[in-house]
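Observations on the three-dimensional arrangement
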Amino acid sequence: MSEPATTDTPPSDKQIDHVPAPSAIESKVEQVALHASGYELIYGPEEKIPAIVVDNFPSLGRLTAARFLEWTLANPEGTVSLPTGKTPEYFIKYVLHYLKNWDVSQVRQEIEDAGLVADRKPDLSGLRFVQIDEFYPIDTRQHNSFNYYVKKYYIKGFGLDPKRAYLIDPCSIGISPGTAIGDVFPEMTVDLSLRVRKAKSLLEKRQQSVLTAVDQFCTEYERKIRDMGGIGFFLGGIGPDGHIAFNVRGSDFYSTTRLIEPNYETRAAAATDLGGMEVARAKHVITIGLRTITYKPDAVAIIIAAGEAKARIVARTLHSPPLNRYPGSALHVLPAARFYITKGAAKGLTNRVLVDFARRPEVADEEIHRSVMNVSLATGKPIRCLSLEDFQENRFGAELLAKTQKPFSDLRDQTQERVLDNLRHGTHPIEGKTFLHTSPHHDDIILAYLPYVTNLVRRSSTRHNFAYMTSGFNAVTNRYMHAAISDLVERLRLGEFRELIDQGYFEPGNVPARRIDISYYHEGAARGHEDKKREATSRRLLRNLIQLYEDDSIDNIKERCAELLNYFRTQYPGKKDMALVQELKGRIREWESDLKWAAYGFVGEAVRHLRLGFYKGDMFTEAPRVDRDIPPIHDLLVEVVPDIVTVAFDPEGSGPDTHYKVLQAVAESLKRYEASSDQHDVKVLGYRNVWFRFHPSEANLFVPTSLTHLNDMDACFDTCFNTQRTASFPSYEMDGPFSKLARKIQCKQFEQVKTFLGEEFFVNHEDHGMRACRGIVYLREMSLPEFYAASAELRQVAEAT
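This structure is a prediction, so every number in the text was calculated from the model and none was measured.

Along the backbone of the protein chain there are 30 helices and 17 strands. Against the compact-globule benchmark of 28 Å for 801 residues, the protein chain has a radius of gyration of 28 Å, which places it among compact chains. Considering only contacts in the protein chain between residues 6 or more positions apart, those separated by 24 or more positions represent 78%. Between the mean site of the 100 positive side-chain charges and the mean site of the 108 negative ones, the protein chain shows a separation of 4 Å.

This part takes up the nonpolar core. Note that soluble globular proteins tend to have their nonpolar side chains buried in a common cluster. Membership of the largest hydrophobic core comes to 62 residues, with the highest contact counts inside it found for L670, V753 and F787. For this core, the leading source of residues is helix α25 (residues 658–677), giving 8 residues. Residues within four places of F787 in sequence aside, it is in contact with V647, F649, L663, A667, L670, V684 and M782. With 55 residues, the next largest nonpolar core counts V190, A245, A301 and I313 among its residues.

The next thing to look at is the packing of aromatic side chains. Any pair of aromatic rings gets described here by the distance separating the centres and the angle formed by the planes. Evaluation of the coordinates by the stated rule reveals 34 aromatic pairs. Ring geometry for Y94 against Y98: centres 5.9 Å apart, planes inclined by 45°, an arrangement best described as tilted. One end of the pair, Y94, and the other, Y98, are both in helix α3 (residues 89–100), 4 residues apart, so they sit about a helical turn from each other. The pair Y94 / Y98 is uniform in exposure class, with both members buried. Between F146 and F246, the ring centres sit 6.1 Å apart and the planes meet at 25°, which makes this aromatic pair stacked. Taken as a pair, F146 in helix α5 (residues 146–156) and F246 in the loop between β6 (233–236) and β7 (258–260) lie far apart in primary sequence, 100 residues in all. Of note, R359 hangs over the ring of Y39, and the distance from its end group to the ring centre comes to 5.9 Å.

Cut-offs and rules
Residues numbered from 1 in each chain as written. Predicted model: local features only at pLDDT ≥ 70, side-chain atom pairs only at ≥ 80, totals over all residues. Heavy atoms only, no water. Helix = DSSP H or I, 4+ residues; strand = E, 2+ residues; numbered from the N terminus. Rg over C-alpha atoms; globule rule 2.2 N^0.38 Å. Contact = heavy atoms within 4.5 Å. Lys, Arg positive; Asp, Glu negative; His and termini not counted. Charge placed at Lys NZ, Arg CZ, Asp CG, Glu CD. Core = buried A, V, L, I, M, F, W, Y, C linked by side-chain atoms within 4.5 Å. Buried < 20%, exposed > 50% of the residue type's maximum accessible area, 1.4 Å probe, protein only. Phe/Tyr/Trp six-rings, centres within 6.5 Å; stacked < 30°, edge-to-face > 60°. Lys NZ or Arg CZ within 6 Å of the ring centre and 35° of its normal.

This is the structure we're talking about:
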């Protein structure tokens, strides 16, 4: 098992004196949940704040809803502060479910089983509500503003009294009647230096006046909260940098409500909601402070986190003494502070992982490999050089010896051989096989295992088909679309396409012309002619417009372009697009995938775009439907008859996300295909990319990646993925294109394998490919039963059972 890194500073006994003992739990709901979890409330001295672990994302919502309603029954006029975004999805659903069905016998039993006393129904109308934070500046009529979210899901949804709600509305703070916030901040950004310098124009003078009003509003907001006695029930998430509310890494524990500039990680996490990093970079935030949250000594403060993506920051926060570096550690002063987390989010909590490991009756080979690999990484020694002392000094290594009763040398040699087998498997030539590469989004494959594809396609006996499950329209910004349509309009004005139009080049059924679009683009790329690439993109855009509007009149298309230009100019970034615009944006992404695989010689029917219907761009997305989303995948399996199917194989995310939904759709389709075709020997290759990583023990194919492979990935991404070149929706881990992060990950994985085997293994290897290795791709090969079992396990940790 893994032994995650803990805090930078070793804890002392004094630093955990504040932690309440498990016996101090007063909440019946928490008592029930803690008993069901099988863990203690806290494992000292490493953990500094108590935590309760639940099985899955819906269970997290059920627990949080039950605890909230329990608190409101005891505090019907108390002050609450609740989160926004996707994390509270199931919290909201279960609060509404319980309130609506309180008197239904089955629901009443569920409520009582959760520890709630169901003799009276909670009345939320007496609660006071405090909005946690808001982007600034933002028009709060926008659906992606937190003010809008709060009014929709909490004030209206929960039936709270609007008169008892303290909200943050940038449109009303210092803005004169009849004036829009966009009139004061035309670029929808604020320069905080106006706090300390003289204004240089009349516009800056107006902005300075509003900024002064905002600062005063924050002071008054804080005063009102304290006059009420503080927040009694706080529920929040935790950001990638550890931020609570918008109190980013480094925030003062005594901070109050204020207007601040967020850090990169916070802006990257908000980019999807705001319509791209270009918008997020310009935004500041108004947020309550850490002291605002902890002001009331008996406050219930709960942080919820779901999925393995949050495991690292959850562990660092819970393992940390009070440090500004981890804002969540400020909650140590509250005896009723809790982290409610899923099993995935708890995977970095060393003591709980060790408890799980110790309880297992048997140790699977994968767990042996994980433990030995972690001893190697912790000591920096090659596996073959590990000693008995290395095992005994490592808690997991010592537990492994005790549980298996095997000599350390046997465990060591078994793991060494596994690493070598994985490398042999990853370099073994594959002949005469048909691949179906599936992908949730259009850049998932290139970022995950392009070097493996490159090696495979060199063999003419292998057949390859690529299937993209969603249209990916959320990854295309309005700014990009405006520029692309503007370029097309100008070319139409100059008559550049007149001859092609007369030849029927843009007719929807002209398949050869579609291939010429791609060829023309690659000719431009090869010669470094940017205008030729833009022309090819305009050709494809015009073709898509003719097809979508079912209109081949160029005059009509020009009018449609004018409408679209106005749409992309006036729609606020992050707003859900109408269906036609979603499809148009999706086809831009599909064009990029066509370009990518054409660079390797795959065109036409080799690249499919399935556009599964569950992908709609909603805040809370629906699950795949058997009648709608499974048949397209099943039909493709029947047509292709693959020997190997690849699938994005991510662990539990923050609920059922796109990757997870595609995995479940592929699993169900494969089950039906296997049953109808009697094809039982299909292999599944699971892959991960920039969002999640395999532990090396989870993979059974290690694919060596050369510097040439890494450069090819960068070049392919930069050449073909124009919508992603500026990293409009980046990872919080790196400010730049995803290909740079994928490169970094593969290089880090090489460092892991190099540690396992020793540097001389690669430097002196007889195979030139091994000598050239500078990165490693991890893949997991599974039989169909293994894949079904894995997908079922993921379903158990992502969905309600």
